[in-house]
Amino acid sequence: MTSAAEHRRPVPTDGEAILNALPNPVLLVAPDGRIVDANIAAESFFEISAQFLRRQSLKELVPFGSPLLALIEQVRTSGSPVNEYKVDLGTPRIGGDRQVDLHVAPLTERPGHIVVMLQERTIADKMDRQLTHRSAARSVIALAAMLAHEIKNPLSGIRGAAQLLEQQASSEDRLLTRLICDEADRIVTLVDRMEVFGDDRPVARGPVNIHSVLDHVKRLAQSGFARNVRFIEEYDPSLPPVLANQDQLIQVFLNLVKNAAEAVADLGTDAEIQLTTAFRPGVRLSVPGKKSRVSLPLEFCVKDNGGGVPEDLLPNLFDPFVTTKQTGSGLGLALVAKIIGDHGGIIECESQPRKTTFRVLMPMYSAAKQQDQGNRDDVPGKASPASQDAR
């Protein structure tokens, strides 16, 4: 008969004791993908004992096509550590919603072996991430409708009166009447942009090549506001089409690139904007009120090496009237978030000095789903809203 002592866990070494004290799951993966070692937190995360984990291949524990597998190969090839944020490792066995940050690094003492640390995100953070695009414009919709009616009509009268006074005014007074007209026009333009938030008409969508969109935006930027900025493109050429409205996507990325160009304006020849696309099959979004989870495998990023976004602004960056610009209205990113949200995607920002990333996650085009959506949205008398300036 086996004694109780034989079932006890061996006394750990100092290194093992330190790893077991960590609250984050840590795995050591062999060159063939087999798990060599795991700490106690990893046992809890995967709900398997370390002894059983050591008999498993990592690909048997994570979702099919998980970005973690590609990251491990990338680290093994480059020999440099890599971080990836907000990856879904959920499986039916351990739970369908397990979003984590991944920290993957080579173990130099054992060539080919990779250390993987998982940092599970909190439930509150998951909810905030999913609802960012929905909450961004919520507080301004009713205000936009009221302002459109209550402000534009009086402004028309003010502008008309200023024009009448201008006809009989001296040259000095004409400067004042012209100032009144210009400011009235500026307020009307601001109100017009706010009205976009209340526009809930269906938008015509179809398969869009995101690389065509980004190339168009890049050409516009280089011919104007970003002519002195160096662009770096890292595209996945096999990326499937995104389900979207092409004009609105151009509006979104033109706004993001313009913001990036303004962030690096003081860097001179070091100014840099990076455009990337990637396929992330592990990313899925839980939609409130639905049991199914929407897949958002298409990732598009706009990165810059500017000074970054102040930490206190990051949580509310996509809210209306939040801006880092002295002359900004704070509506550009809010409108971007609304457009992405209307497309069923999400947008998020990660920022630190010399590295700011705006990440857009969107669904890919499916002919069958698009046909079904088209049948539901085929309502007479409704048209797509005109493209607006997102800046």
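Placed above this text is the structure.
Below is a summary of the structure that appears in this document. (Residues numbered from 1 in each chain as written. Predicted model: local features only at pLDDT ≥ 70, side-chain atom pairs only at ≥ 80, totals over all residues. Heavy atoms only, no water.)

**Points about the overall build of the protein chain**
In terms of helices and strands, the protein chain carries 12 helices and 14 strands. Put simply, the protein chain has 391 residues, and 41% of those count as buried. Pairs at least 24 residues apart make up 66% of the contacts formed inside the protein chain by residues separated by at least 6 positions. Surface exposure of the protein chain reaches about 21200 Å², of which carbon and sulfur atoms provide 54%. (Helix = DSSP H or I, 4+ residues; strand = E, 2+ residues; numbered from the N terminus. Buried < 20%, exposed > 50% of the residue type's maximum accessible area, 1.4 Å probe, protein only. Contact = heavy atoms within 4.5 Å. Areas by Shrake-Rupley, 256 points an atom, 1.4 Å probe, with all protein chains shown as cover.)

**A short note on unusual backbone geometry**
Look at E47: it is not a glycine, yet its phi comes out positive at around 60°. Its location among the elements puts E47 in the loop between α3 (40–46) and α4 (50–53). Looking at E47, the relative accessible area reads 51%, which means it is exposed. Its identity is not glycine, yet R354 carries a phi of approximately 70°, on the positive side.

**Regarding the packing of helix α9 (residues 210–222) against helix α10 (residues 246–263)**
Between α9 and α10, the least distance of the axes is 9 Å, while the angle of their chain directions is 50°. By the criterion of interaxial angle, the relationship of α9 to α10 is oblique. Every pair of crossing elements has a handedness; the one defined by α9 and α10 is right-handed. Only Q246, L249, I250, F253, L254 and V257 of α10 make contact with α9, whose side of the interface consists of I210, V213, L214, H216, V217, L220 and A221. (Axes fitted to C-alpha atoms, helices over the stretch in contact; angles between N-to-C directions. Parallel < 35°, antiparallel > 145°, perpendicular 65-115°, else oblique. Left-handed = near helix turned anticlockwise from the far one by under 90°.)

**With respect to the environment of V100**
For V100, the location among the structural elements is in strand β4 (residues 99–106). Its relative accessible area of 0% is what places V100 among the buried residues. Sequence separation between V100 and G90 is 10 residues; the distance between their C-alpha atoms is 9.4 Å.

**A short note on the pairing of strand β13 (residues 346–352)**
The buried count for β13 comes to 5 of 7 residues, which makes it a mostly enclosed element. One ladder, built from 7 bridges, connects β13 with strand β14 (residues 355–362); its direction is antiparallel. Its bridge partner lying in β14, I346 is registered against L361. Counting the residues in the hairpin turn of β13 and β14 gives 2 residues, including R354, whose phi is positive at 70°. (Pairing = 2+ DSSP bridges.)

**A word on helix α5 (residues 67–78)**
The terminal C-alpha atoms of α5, which comprises 12 residues, lie 16 Å apart, in line with the 16 Å expected from a rise of 1.5 Å per residue. Each element contacted by the buried residues of α5 is listed here: β1 (26–29), β3 (82–88), β4 and β5 (114–120). With its phi angle positive at about 75°, G79 sits one or two positions after the end of α5. (Expected span 1.5 Å × (residues − 1).)

**A few points about the sheet that holds strand β7 (residues 230–234)**
Strand pairing in a sheet relies on backbone hydrogen bonds, with the paired strands running either antiparallel or parallel. A sheet is described by the order of its strands in space; here 5 strands give the open sequence β7-β9-β12-β14-β13, paired in mixed fashion. Of all the strands in the sheet, just β7 and β13 have a single pairing partner and so form its edges. Between one strand axis and the next, the sheet turns through 15° on average, direction left out of account. Across the sheet, α9 is in contact with β7, β9 (272–279) and β12 (298–304); its angle to β7 comes to roughly 175°. Running over the sheet, helix α11 (residues 332–342) touches β13 and β14 and is turned about 140° from β13.

**Observations regarding the environment of A162**
Position of A162 relative to the elements: it lies in helix α7 (residues 138–168). Excluding residues that lie within four positions of it along the chain, A162 makes contacts with T177, I180 and C181.

**A closer look at the side chain of Q274**
Relative to the helices and strands, Q274 is located in strand β9. Apart from residues no more than four positions distant in its own chain, Q274 is found in contact with I232, E234, C301, V302 and K303.

**Quick notes on the side chain of H343**
Its place among the elements puts H343 in the loop between α11 and β13. Of note is the side chain of H343, whose polar atom sits 2.8 Å from the backbone oxygen of I339. Residues in contact with H343, not counting those within four places in the same chain, are R205, L243, A244, N245, Q248, M362 and P363. (Polar contact = N/O pair within 3.5 Å; in protein donor to acceptor, adjacent residues only side chain to side chain.)

**Overview of the environment of R110**
In this structure, R110 sits in the loop between β4 and β5. Residue R110 is classed as partly exposed on the basis of its relative accessible area of 37%. Each C-alpha atom, one on R110 and one on P31, is 9.8 Å from the other, the two residues being 79 residues apart in sequence. For R110, the residues in contact, after removing those within four places along its chain, are L28 and V36.

**Quick notes on the nonpolar core**
In terms of nonpolar packing, the biggest core is built from 42 residues, with L249, F253, L256, I273 and F300 touching the most fellow members. Listing elements by their share of this core, those giving two or more residues are α9, β8 (242–244), α10, β9, β12, α11, β13 and β14. The element contributing the most residues to this core is α10, with 8 residues. Beyond its immediate sequence surroundings of up to four residues, L256 is in contact with V302, L333, V336, I347, F358 and V360. Counting 25 residues, the second largest nonpolar core, distinct from the first, contains V29, A42, V62 and L102. (Core = buried A, V, L, I, M, F, W, Y, C linked by side-chain atoms within 4.5 Å.)

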